[in-house]
Structure formats: structure tokens, C-alpha cells
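What follows is each chain in one-letter form.
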Amino acid sequence: MNVLLIVTVLCIGRLCPALCGVNLGICILQGDPQPPALFKDGDFVIGGVFSIHDYLRTEKHTYTRRPQPLECSGSVGFREMRFVRVFEFAIEEINNSSDLLPGVTLGYHIYDSCASVPMAIKVAFQLVNGLDLIFNDTDSCAKSAAVTAVVAESGSTPSISISRLLGPFGIPQVSHYATCACLSDKRQYPTFFRTIPSDHHQAAALARMVKHFGWMWIGAVRSDSDYGNNGMASFLKAAEEEGICVEYSEAYYRTQPRSKLKRVADVIRRSTARVIVAFLASGDMRILLEELSQQPPPPMQWIGSEAWVTDPEMLRFNLCIGAVGFGIPRSVIPGFRNFLLDLSPEQALKFPLLTEFWASSFSCSLKQHTGSYTGMPACNGTEALHALQNPYTDTSQLRITNMVYKATYAIAHALHGIVCKEKHCDKNIKAEPRQVFEQIKRVNFTKNNYSVSFDINGDPVATYELVNWQLQGDGSIDFVTVGQYDASQPKGQEFSLSRAIIWNDGKKIVPVSVCSKSCPPGTRKAVQKGKPVCCYDCINCAEGEISNETDSVDCYPCPPDSWPNKENDKCLLKPVEFLSWDEILGIILTVFSIAGALVALSMALVFYKNKASPIVKANNSELSFLLLFSLTLCFLCSLTFIGRPTELSCMLRHTAFGIIFVLCISCVLLKTIVVLMAFKATLPGTNVMKWFGPHQQRLSVFGFTLVQILICVLWLTISPPFPYNNMQHYKEKIILECNLGSAIGFWAVLGYIGLLAFLCFILAFLARKLPDNFNEAKFITFSMIIFCAVWITFVPAYVSSPGKFTVAVEIFAILASSFGLILCIFAPKCFIIIFRPEQNTKKHLMSKVPSKAL
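Residues numbered from 1 in each chain as written. Predicted model: local features only at pLDDT ≥ 70, side-chain atom pairs only at ≥ 80, totals over all residues. Heavy atoms only, no water.

**Quick word on the pairing of strand β4 (residues 44-50)**
Okay, so step 1: The element β4 is largely enclosed, with a buried count of seven among its seven residues.
Okay, so step 2: Side chains Phe44, Ile46, Gly48 and Phe50 project from β4 onto one buried face, and the interleaved Val45, Gly47 and Val49 project onto a second face that is buried too.
Okay, so step 3: Where β4 and strand β7 (residues 106-112) come together, seven bridges link them in parallel fashion. Along β7, the bridge assignment pairs Val49 with Tyr111. (Buried < 20%, exposed > 50% of the residue type's maximum accessible area, 1.4 Å probe, protein only. Helix = DSSP H or I, 4+ residues; strand = E, 2+ residues; numbered from the N terminus. Pairing = 2+ DSSP bridges.)

**Here we look at the sheet that holds strand β30 (residues 722-726)**
Okay, so step 1: With mixed pairing, the three strands of this open sheet are ordered in space as β29-β31-β30. Edge strands, defined here as strands with exactly one partner in the open sheet, are β29 (576-577) and β30.
Okay, so step 2: Relative to strand β31 (residues 734-739), β30 runs antiparallel, the two being bridged by five bridges. Looking at β31, one finds that Asn725 is bridged to Leu736.

**Re a nonpolar patch on the surface**
Okay, so step 1: A cluster of nonpolar side chains, Leu755, Phe758, Leu759, Ile762, Phe765 and Leu766, forms an exposed patch at the surface whose accessible area comes to about 550 Å².
Okay, so step 2: Within the element layout of this structure, Phe765 appears in helix α21 (residues 743-766).
Okay, so step 3: Judged by relative accessible area, which is 38%, Phe765 ranks as partly exposed. (Patch = residues over 30% accessible without salt bridge, like charges linked within 9 Å, V, L, I, M, F, W, Y side chains within 5 Å. Areas by Shrake-Rupley, 256 points an atom, 1.4 Å probe, with all protein chains shown as cover. Salt bridge = Lys/Arg side-chain N within 4 Å of Asp/Glu carboxyl O.)

**Remarks on the state of the cysteines**
Okay, so step 1: The final tally for this structure, using the stated rule, is ten disulfides.
Okay, so step 2: Disulfide pairing places Cys515 opposite Cys535 at an S-S distance of 1.9 Å. Residues Cys515 and Cys535 are joined through a disulfide that is right-handed, its torsion about the S-S bond being 105°. You can see Cys515 sitting in the loop between β22 (495-497) and β23 (523-527) and its partner Cys535 sitting in the loop between β23 and β24 (536-540), a full 20 residues away along the chain.
Okay, so step 3: Note that Cys541 is cross-linked by a disulfide to Cys555, the S-S spacing being 2.0 Å. The disulfide joining Cys541 to Cys555 has a torsion of about -75° about its S-S bond and is therefore left-handed. With Cys541 in the loop between β24 and β25 (545-546) and Cys555 in the loop between β25 and β26 (556-557), this residue pair connects regions lying 14 residues apart in the sequence. (Disulfide = S-S within 2.5 Å.)

**Focus: empty space enclosed by the protein**
Okay, so step 1: Considering all chains together, one arrives at two cavities of 30 Å³ or more under this definition.
Okay, so step 2: Surrounding the largest cavity, Phe578, Leu579, Phe641, Gly643, Pro645, Arg653, Ile735, Leu736, Glu737, Gly803, Lys804 and Val807 form its lining.
Okay, so step 3: Counting residues per element, the ones that place at least two in the lining of the largest cavity are β31 and α23 (804-825).
Okay, so step 4: Considering each element in turn, the lining of the largest cavity owes the most residues, three residues, to β31.
Okay, so step 5: Of the residues that constitute the lining of the largest cavity, the class distribution is seven nonpolar, two polar and three charged. (1 Å grid on protein atoms, 1.4 Å probe; cavity = no way out; pocket = protein on both sides within 12 Å on 5 of 7 lines; lining within 4 Å. Points joined across faces, edges and corners; volume = space filled by probe spheres on them. Nonpolar A, V, L, I, M, F, W, Y, C, P; charged D, E, K, R; others polar.)

**Focus: the packing of helix α20 (residues 694-718) against α21**
Okay, so step 1: Packing of α20 against α21 leaves a shortest axis separation of 9 Å and a crossing angle of 170°. Comparing the axis directions of α20 and α21 gives the class roughly antiparallel. For the pair α20 and α21, contact is made by Phe704, Val707, Gln708, Ile711, Cys712 and Trp715 and by Gly745, Phe746, Ala748, Val749, Tyr752, Ile753 and Leu756, respectively.
Okay, so step 2: Classifying every residue of the contact of α20 with α21 gives eleven nonpolar, two polar and no charged. (Axes fitted to C-alpha atoms, helices over the stretch in contact; angles between N-to-C directions. Parallel < 35°, antiparallel > 145°, perpendicular 65-115°, else oblique. Contact = heavy atoms within 4.5 Å.)

**Overview of the sheet that holds β7**
Okay, so step 1: An order of β3-β7-β4-β8-β9-β10 is seen for the six strands of this open sheet, with the pairing classed as mixed. Two strands close off the open sheet at either side, each with one partner strand: β3 (38-40) and β10 (192-194). Direction aside, neighbouring strands of the sheet carry axes that sit 20° apart on average.
Okay, so step 2: Running over the sheet, helix α14 (residues 400-419) touches β4, β7, β8 (149-151) and β9 (173-175) and is turned about 170° from β8.

**Structural notes on the packing of aromatic side chains**
Okay, so step 1: Tallied over the entire structure, the rule returns 30 aromatic pairs.
Okay, so step 2: Taking the centre distance of 5.8 Å and the plane angle of 55° together, the rings of Phe50 and Phe87 count as tilted. Of the two residues, Phe50 sits in strand β4 while Phe87 sits in helix α3 (residues 78-95), which places them 37 residues apart along the sequence.
Okay, so step 3: Accessibility expressed as a relative area gives 0% for Phe50, which makes it buried.
Okay, so step 4: Residue classification places Phe87 among the buried positions, given a relative accessible area of 0%.
Okay, so step 5: Pairing Phe326 with Tyr485 gives two aromatic rings, centres 5.8 Å apart and planes at 65°, and the pair type is edge-to-face. Of this pair, Phe326 sits in strand β15 (residues 324-327) while Tyr485 is found in strand β21 (residues 477-486), placing the two residues 159 residues apart along the sequence. One exposure class covers both Phe326 and Tyr485, and it is buried. (Phe/Tyr/Trp six-rings, centres within 6.5 Å; stacked < 30°, edge-to-face > 60°.)

Next comes the structure, spelled out in C-alpha cells:
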């Protein structure tokens, strides 16, 4: 398709016999040729295409008459004029050089593309066709291209059009300002080179800078052209990888309707993003800022691409104070300023472009052309370029200007490699464009401390300066270099700051632009429905989870032995809880345990001192002492439940409690049986007491206790109790407790105690109405009622009590049942021994009392 387009345009521009069927040797030029804006003859001619004007004059075609020739409109761009002049300066410098192309003269043909594709295509065909329009040489079809190489263009879209036409003919094109990453594709643009880095690097650098300053919510606006669309696409891809969200992405081109411009401006005014990345050509940015200035939006931080962020013409817009962006490194070209200012009115009269430039600079018309510029007075001869202050004379920011300079020298070095051997050059050697193309691929030189070389894609090494628009003391705005970006550095080290940035508010505090404020540690981000990922709510971490980073996406559970602090930003070791000696509950239970043991020992002492008294003898003194001893151990065994559980204490507390309580209940059971049998023995012919003598009583107690010992041994052998960190009952703390090991063993111990207690209660209840004045069975019945009541209520309380209170319930049950036994069985006897000695007689004890129920 490209070849067909070229053939068609060639036929329109110049009818050649092979293509259009015209008689051999005759070429007829169709249409009006576009004369060069500036030209100079030489042994080798280099073409130059620049966007000196911004617009192409539009015409409404009627198809009834021949269209008018393409013509530029608008004013001369002073900055582009400086590019044109440095192209001339470089060629003049090369022509005067004794090292580069000595004895060879370079010429140039410079065209104005009007920053438009139609004009760019037209001048490209003229460069390809080889027509010498300057000397009206249009009658030969045998000539090759008029130029060996072309420096073009300032815009990416015109550069693409030119490259598509130059490529098939092998004519190399070196651009100084076309940054579209698409031009690195050698399949589509095989002969394209550039001295300015590709937007692929600039887009990545802008995304990293935006991420560096924490701007996660931005707006984006671009030129609706190859430069803007491709550059913004690369930036948006890089921004997405950095986690940056874009509120809007708008496109505008200067030739589009004003309604489109107003819509883009309204989007910017209404946006919540306080940072705007503008990938705009200089002309598009100027029009957009003019529209925004009519109704200024809230203060915004502008992030600019190299196309406008270092353009001096943009400094008049106060909206962009504090703007930052990447620009081409500033350079110095010795002798260039003098060359710029060395332009006299006589020289300006030689070319219409220079004449127009003179009129635009001084707002006057040269005498010979008084009528050319309506409304302008004639120049009086006092005009001086050195008095001007505009982008043309400003050589303090030579950035893109140096790219033109380097592009020109790159072509010269390529020609030098073809026509020169050592320092001898032969200008008669014919340098074909394809030869120049091959040589440009290999150029590698340094000029004014700036290296020039191209990679396999025709691109240079990407280096940028981070430029900041800073307000000066005199109220002016200036470009200040505050950092660098070097793509040749290791990943992560490309970007560096060298000085503080002054932001749009005139301060050094980085402005904030986020859709949602950062989520502090202890929370996580939850994306708002239907909005970008940068718009989120901060949700507190769930119970047991933490987040220790700002803007955490997830919360993470703490380890099993840890629990979050109040802020949910760190895990703290859970406090370990157990019934300790130094807490109030532990102290109270310890006091009652020791007091109970002392009471039992005191009663044993009273019984021992009065062991010959009738009341002691009548109540089976041997079993009474054994019972008091076991009760003392019952009180003391509760102490094993207090303190940090260990492997030994866990095994001891339950087994000791089980064995001692069986010993105690066995004694009570035997006392009950003895009382009951004693009264049965008074019946005629009964001799049952021989089976319940002291020896038999001891064996019975031992036998009952031995059964419990065997149960405990089996329990400890099969699955003994052990210390256990209970993390299930409480989430925020660990309960250090004794795991029963085998629940069957534990309940077997309690069940056996309960069985003995139940038998004791039944027998005591049967003996409650025996006729003694001091019937011990009644007191045993009371004690068993208390005992059974305590342990029946113990079961649900034990199961439902949390943590250390489980242990406290167990201790309380031991103490309550022990106190019940000692108070019901021994307290009345001690009371009589101490306070009613007159009742401590055999006669009183044997006296009958009326039978009555308890």
C-alpha cells in the first residue's frame, strides 16, 4: 500500500515515463513546487525540514478549479527559527573545519513544514525527486535525490510521514525533536535516526517520578497526534505498573474545534486530581493554557513532557509555576550566539522567511517591502537583534538546539567516512544516500563534550534533566535543573535529585494528589465499587489480624501465641494466665487452705489431749485421727492447684486430690458403718462387730484407697495430665492449664469419690434416728449433704468456668467439702470438749432421747 501511495504521488508531482507513460526523457512538473525557505549550494546537500510556522492555510475545495498551492499561516516561531539557524551554523562550522570534511563544502535546502503532514509530504517528495528548483532544473528524469540526508522534523507526526517516503529510497533522516517511541520500529522506519531520546524512556521516567513523589491520583492530557498518543500510551502503561491511577485522559490538537478545547478545559477544572501529566506539543499546550487562563482552575501541579516544559514561550503562563518535567540536558555551543545576532537587514532581504522573521521581531517592515506587512511601519535601520529578548536570542537554554547541532554533525561524520581517507577528501566521490545511511549507523564521536552515537533502533542514550519552573526574585519564571535521569544507569538508580524543588504553592512541601488518603497501619484498603484501585476505603483489620504497613492491601493474622495491640499494627505475645500465688484470688484460696489445715490440726490436737474422754472414745478415735489427718492433706492438696502448671504439678494435683479424698471418704464411710453396726450388735444373737474391729477398719480404708490408687496409676500410665497452652477459650490471652490427658481417668477418679460419698450418705441417713444422745450419724449425714451438694454443683461450674477460674472452682469444691466434713463431724465434739465438759460423760452419751427425724 505504501508503494502504491508513493507511485501515485510521484505521478502527481512529476510524470515520469516508467510510471506515467510520458515520452522518454520528458518530465512535466504537476502543480506548483514549494521553494526552500533557505538554501545554499555545496558539494553535498543536506535537507532540513522544520516547523517554522504552526499552521497550514486551509482552503475549501470546490473541485471546479485548480487548488491553490499549500501555504503556511501564523507567525514565525522564534524557537524553531533558532533551530534553523543552528543548522546553518553547524554547516558553516563544518565547512570551515580542517578536521571534518576538509576541502568539501556542504550545502543545505531548508523547508518549512508548517507543522502539518500535507506540507511535510510535499517537501519530502521534492527532496526525493531530485529537482533543482533553485536553478529551475526540472527537465531531467535521470537525476537522483537532491540531498544525501535530511534533518527532520520537529514533530513526530510529520516525521513519520517523511520517514515513510524517505525509507524506500534509502535516504537517511535524522530528527532532532521527534520523540515518538513508534519511530524506533526499524521495520516501518528503516532509515530513521534521532539525536533526542525516545518517549519510551521519558514515559518511564515520568511514571517513576510521579510514584517517587507519592502522586497516586493524576489527570492526563495529551496532543491528539502520534507524539501525544504514543507517548501517553507508554506513560499510562508505566503508570499502571507503578500502581498510579488516572482520573481522566483527554486529547486535544490545535486544529480541532474550539468546543473540544473547552470540554478538555472543563474536565481539568472539575477534576479532583491535583497533578496533571501533560504530554503535549508546545503549540497545543499554549492553546490549552490560554483557554484555562480565562477561568483558572484550582492550583495544580503540572508535570510536563520535553516538548513544552523547556519552551521559553511557555514561561508567560503563571498557571504552570512550579511545573516539573524532563528536558533535554542544557548545553553550550561556542560561537552560536554571535552567529544568531549576525543578521543584517540586507541579509534578511535575501529570503522571504528572514524578511518575515525581521518583521515579526521588530514589528516593522523593511523599506523595500513596506507594503508587504499591512499596518506595519517601515524599519528605520536602528533595529538590533542583540536588543531583543525572545526565544530566538535566548541561548541560556540550548537543549533541542543542540539536538539539531548534533544531527547535522552526525551526517557530516557519515559523509566524512565515505569521501575522506585520513585527512584527504575527494569531493568528486558520489555519496549515495544508502552509503550515508550505513555510515550513520556507525558514527560515534564527541562534540563539545557531548557524545553522539545510535543504537540498533537509531536512538541515542536517554539522558534527561529534571527541570523545575521556579519564580525568581524579580518576579520572572526560570528553568532550574533540579535532578537527572540517565537510562544507562542500573535499574533503580536512573533518577536522582540534586536540589530542592519549588512546587506550585511556592513551597518545598510536596503537594498531595490522592483519590483517598493513605490507610494507616492497622487498616487495609478496600477498593470503592466502580472506581479505580486508588480510590478506596480504609477498613480496620479484623480481630486477630494486623497490618504494619501504610496502604496495606491485606491484613495478616498474628501467630497463635500472639495478639494484636490496640492499633492493630503489631503482634504482641499473648499474656499467659494461670492462678498465681501473688494475685488476690490465689492469696485468698491459699489463706483458706492453710487455715483449714490448721483447723484440722488443732482439732487433732484437742482430740489427742482428750483421747481418754468418753466422747473421743465413743467416736472411734483411730478413725477420727485418720480422718483428721486426711482432711489436713485435703486442705493442703488444694495448694498444688495454685501456681504455674508444670508437668509434675499437673500429675500431682489430680492424683493426690483423688487419693486423699478417697482416704477421707473411706474414713467417714467406715465411721458410719461402725455406728450402724454398733446398734445392730445390741440385738440378741448378733455378733457382727467382730467384722468391724480396728484391724478390719484399717484394712477397709486401705482397700477403698487402693482402688483409687490403681485408677490413678492407670491414668498416669496411659495418658497423664500435662501443662497445656489453651488458646481457644480466649483470643487475646493464653490460659496455661493442666490438660487432663485422659478425661476418662479424671471422671473415673471423681466418679469413685462420688460413689463412696453416696454410699456414706445412704448409710448415715439410715442411722440418723439411732437413740444415742450424741448420734454421730446425724452429723455425718449433714456433712455428706454438704459434700454431695458441693460436688454436684462443681460439675457444671467446672465445665463452664473460663481460664484460671476453672482451677479456682476446683479448689473451692475441695475446700468447701473439706470444711463441711470437719465442721459437721468434729466441730460439735470439740465444742463439748472445750465448752461443755459436763456433757463429756459416758452417762450423758448413753442417755436415750426421743426418736425424731432430723
